[in-house]
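# Summary of the model geometry
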Amino acid sequence: MADTEETKTNQTREANSSPVVTREWLYQQVAQGQNAASVVVVDCRFSLADPDLGRQQYELSHIPGAYYLDLNQDLSSPVQQHGGRHPLPDPVQLAEKLSAIGVRSGPEPTLIVAYDDSRLAFAARLWWLLRYLGHNRVAVLDGGFSGWQAAGYPVTADLPQPQPGHFVPQIQADWTVNIETVKTYKDLPNVILIDSREAERYRGEREPIDPVAGHIPGAVNYPWPEVTDEQGFIRPLSQQQQRWANLGAEAVAETSTPAELIVYCGSGVTACVNLLALEIAGISHAKLYPGSWSDWCSYL
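Basis of the calculations
- Each chain has its residues counted from 1, running along the sequence as written.
- Selection of residues for local features in this predicted model requires a pLDDT of at least 70, selection of side-chain atom pairs for listing and counting requires 80 or more, and totals for whole chains, interfaces and linings are taken over all residues.
- Excluding hydrogens and water, the side-chain figures rest on all heavy atoms present in the structure.
- By nonpolar core is meant a set of buried Ala, Val, Leu, Ile, Met, Phe, Trp, Tyr and Cys residues that side-chain atoms within 4.5 Å join together.
- For every residue, the accessible area (1.4 Å probe, protein chains only) is compared with the maximum for its type, and the residue is labelled buried under 20%, exposed over 50%, or partly exposed between those bounds.
- Pairs of residues are marked as contacts when any of their non-hydrogen atoms sit within 4.5 Å.
- With axes taken as lines fitted to C-alpha atoms, and helix axes fitted only over the stretch in contact, angles between N-to-C directions fall between 0 and 180 degrees.
- Secondary structure follows DSSP: runs of H or I at least 4 residues long count as helices, runs of E at least 2 residues long count as strands, and numbering of each begins at the N terminus.
- Any angle that is under 35 degrees is reported as roughly parallel, and any over 145 degrees as roughly antiparallel; angles of 65 to 115 degrees are reported as roughly perpendicular and all others as oblique.
- Note on residue classes: Ala, Val, Leu, Ile, Met, Phe, Trp, Tyr, Cys and Pro are nonpolar, Asp, Glu, Lys and Arg are charged, and everything else, Gly too, is polar.

The next point concerns the nonpolar core. In this structure, Leu126, Trp128, Trp244 and Leu278 are the most contacted members of the largest nonpolar core, which totals 59 residues. Among all residues touching tryptophan 244, those that are not within four sequence positions of it are Ile194, Tyr222, Asn274, Ala277, Leu278, Ala281 and Ile283.

Below is the structure:
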């Protein structure tokens, strides 16, 4: 990376104005040993088809200094009859896990960089969760682990030691909605319900996970894989803005009554990729329906 580009990137991160960091920037932090102090790197690799695969991949090879957080064990709470396949984690338990890997909240918060190898499907979950818990200094790694490897940057099987941290959650309760809120508000003219699943699942043509196919009535479809290219790199800002332009001017204009955006997917995980894309595009008022389709269809 050229000096001017690196300086610009560092200034952007210092200003905390971007939810994304480049592999070049992260390599500089790892090479300088910063990831053990002001930056904590978190490996979020996971497979819905094989829940143990992500941890196995991490133990075999990961970015130096990175810790591992598991979607099922760390970033979700136990499944109940209702509430979806990946209910939000207990905030106190997650805070303890974050503290144990050196994350600090407060006046000098740690910067967390999350990555996966699934086009941000799981890294974005941690990105959203941290912000939901009041910690805004968090970003995802553009290109993920494959992009890191493709650049020839180092990997290791060494497991990092626990680091002292102190994370105090400050829950943003109005960032989520439950099924009753969705039922009440989904048909209002100023509410836009966004289904983040692939088009075939949205249309009910294919449903590999949940017992019922289809979508919530009135929802529009913005498939989450559109946020990145096939290699897992986030598409340019202009494309992100154009993608959401169809939501209507009321969704992007800074007015006193912006459109209410509610985003969901299958279980509240990949919806976070769309929430990340909305943030990149300058639309920061969207809410998550954590239970998503897996919660909705449990009542059908």
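There is more to say, and it comes next.
On to the packing of helix α9 (residues 237-245) against helix α11 (residues 271-280). Between α9 and α11, whose axes approach to 9 Å, the crossing angle comes to 110 degrees. The angle between α9 and α11 falls in the class roughly perpendicular. Judged by residue contacts, Leu237, Gln240, Arg243 and Trp244 of α9 engage Asn274, Ala277, Leu278 and Ile280 from α11. By residue class, the composition of the contact of α9 with α11 is 5 nonpolar, 2 polar and 1 charged.

Moving on, we get to α11. In terms of residue burial, α11 counts as a mostly covered element, since 9 of its 10 residues are buried. The set of residues buried in α11 consists of Ala271, Cys272, Val273, Asn274, Leu275, Leu276, Ala277, Leu278 and Ile280. Downstream of α11 by one or two residues, glycine 282 has phi in the positive range, about 90 degrees.

As a further point, take the environment of aspartate 229. Following the sequence through the fold, aspartate 229 ends up in the loop between β7 (220-221) and α9. Between the alpha carbons of aspartate 229 and glycine 143 there is a distance of 9.1 Å; along the sequence they are 86 residues apart. Every residue in contact with aspartate 229, bar those within four places of it in the chain, is listed here: Arg119 and Arg235.

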